[in-house]
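Residue-level listing of the chains:
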Amino acid sequence: DQQVKQNSPSLSVQEGRISILNCDYTNSMFDYFLWYKKYPAEGPTFLISISSIKDKNEDGRFTVFLNKSAKHLSLHIVPSQPGDSAVYFCAATRPSGNTPLVFGKGTRLSVIA
Amino acid sequence: KAGVTQTPRYLIKTRGQQVTLSCSPISGHRSVSWYQQTPGQGLQFLFEYFSETQRNKGNFPGRFSGRQFSNSRSEMNVSTLELGDSALYLCASSFMGLGQETQYFGPGTRLLVL
């Protein structure tokens, strides 16, 4: 039973355009969501997070949107740069329950120059 | 501040053997979590240790075990290795542990079971 789903295994975007990565979750108890970026031969790096009390969080070129009613979140990268090419993992948790992060399977983003 | 370090980085074992992986967290961090990443799968939570105690455990067989030392360094052990145990094993550290705190990941140990 996959509680966090990233339905697009890969995505290709032109440099300078917007990249939109999507994530769906099934467990309504999740109330904190994170995105991690992973380069080959490295561990995942924290990118941005959002609490369920918000519907948007911005950090530079990265914005995460949360739609609680649809149990859907998305990561927008604007403008996309070649260095953004990596695998992006969506993760969800319930901090009050001290629960571990539940990760999606990841989306491989390729930004083409 | 030095990041999370994991040793060894690569390991080849044969079925039936056992293996021990090591993780040194960021200085001052007391929580260490272990994850398994296999091709086509996301990261799956193995267990978390905090102040030398296992605080949380994922859905893995008993062949997977771990421990944490007083200096917060952690080891993970897999006994009676199976082909399906071939994976990237990642550890992550944070100050207080699971929850809203950002976890910092190490580079991982890639284990190949032949």
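A few points on the structure. Everything quoted here is computed from the prediction, not taken from an experiment. (Residues numbered from 1 in each chain as written. Chains lettered and ligands numbered in written order. Predicted model: local features only at pLDDT ≥ 70, side-chain atom pairs only at ≥ 80, totals over all residues. Heavy atoms only, no water.)

With that settled, the discussion passes to the interface of chain A and chain B. Contacts between the two partners involve 18 residues from chain A, matched on the other side by 21 residues from chain B. The contact between chain A and chain B buries some 1600 Å² in all, and 58% of this surface belongs to carbon and sulfur atoms. Put simply, chain A and chain B have zero salt bridges between them. Sorting elements by how many residues they give to the side of chain A that touches chain B places strand E4 (residues 32-38) of chain A first, with three residues. Its residues assigned to classes, the side of chain A that touches chain B comprises ten nonpolar, five polar and three charged. (Contact = heavy atoms within 4.5 Å. Buried area = accessible area lost by both parts, 1.4 Å probe. Salt bridge = Lys/Arg side-chain N within 4 Å of Asp/Glu carboxyl O. Helix = DSSP H or I, 4+ residues; strand = E, 2+ residues; numbered from the N terminus. Nonpolar A, V, L, I, M, F, W, Y, C, P; charged D, E, K, R; others polar.)

This next bit is on the packing of aromatic side chains. What characterises a pair of aromatic rings is the spacing of the ring centres plus the angle enclosed by the ring planes. Tallying each qualifying case throughout the model produces twelve aromatic pairs over all chains. Note on Phe60 of chain B and Phe64 of chain B: the rings are 5.3 Å apart at their centroids and 65° apart in plane angle, and the pair reads as edge-to-face. The exposure classification of Phe60 of chain B matches that of Phe64 of chain B, with both residues buried. One aromatic cluster in this structure is built from Tyr36, Phe46, Phe89 and Phe103 of chain A together with Tyr35, Phe45 and Phe105 of chain B. Just above the ring of Phe95 of chain B sits the side chain of Arg30 of chain B; from NZ or CZ to the centre is 5.2 Å. Stacked on the ring of Phe50 of chain B, the Lys or Arg Arg55 of chain B has its end atom at 4.2 Å from the ring centre. (Phe/Tyr/Trp six-rings, centres within 6.5 Å; stacked < 30°, edge-to-face > 60°. Buried < 20%, exposed > 50% of the residue type's maximum accessible area, 1.4 Å probe, protein only. Lys NZ or Arg CZ within 6 Å of the ring centre and 35° of its normal.)

Quick look at a nonpolar patch on the surface now. All names here are of chain A. Among the surface-exposed residues, Ile18, Ile20 and Val78 lie close enough to one another that they form a single nonpolar patch of about 230 Å² accessible area. Within the secondary structure layout, Val78 lies in the loop between strand E8 (72-77) and strand E9 (86-93). A residue is classified by how much of its surface remains accessible, and Val78, at 43% relative accessible area, is partly exposed. (Patch = residues over 30% accessible without salt bridge, like charges linked within 9 Å, V, L, I, M, F, W, Y side chains within 5 Å. Areas by Shrake-Rupley, 256 points an atom, 1.4 Å probe, with all protein chains shown as cover.)

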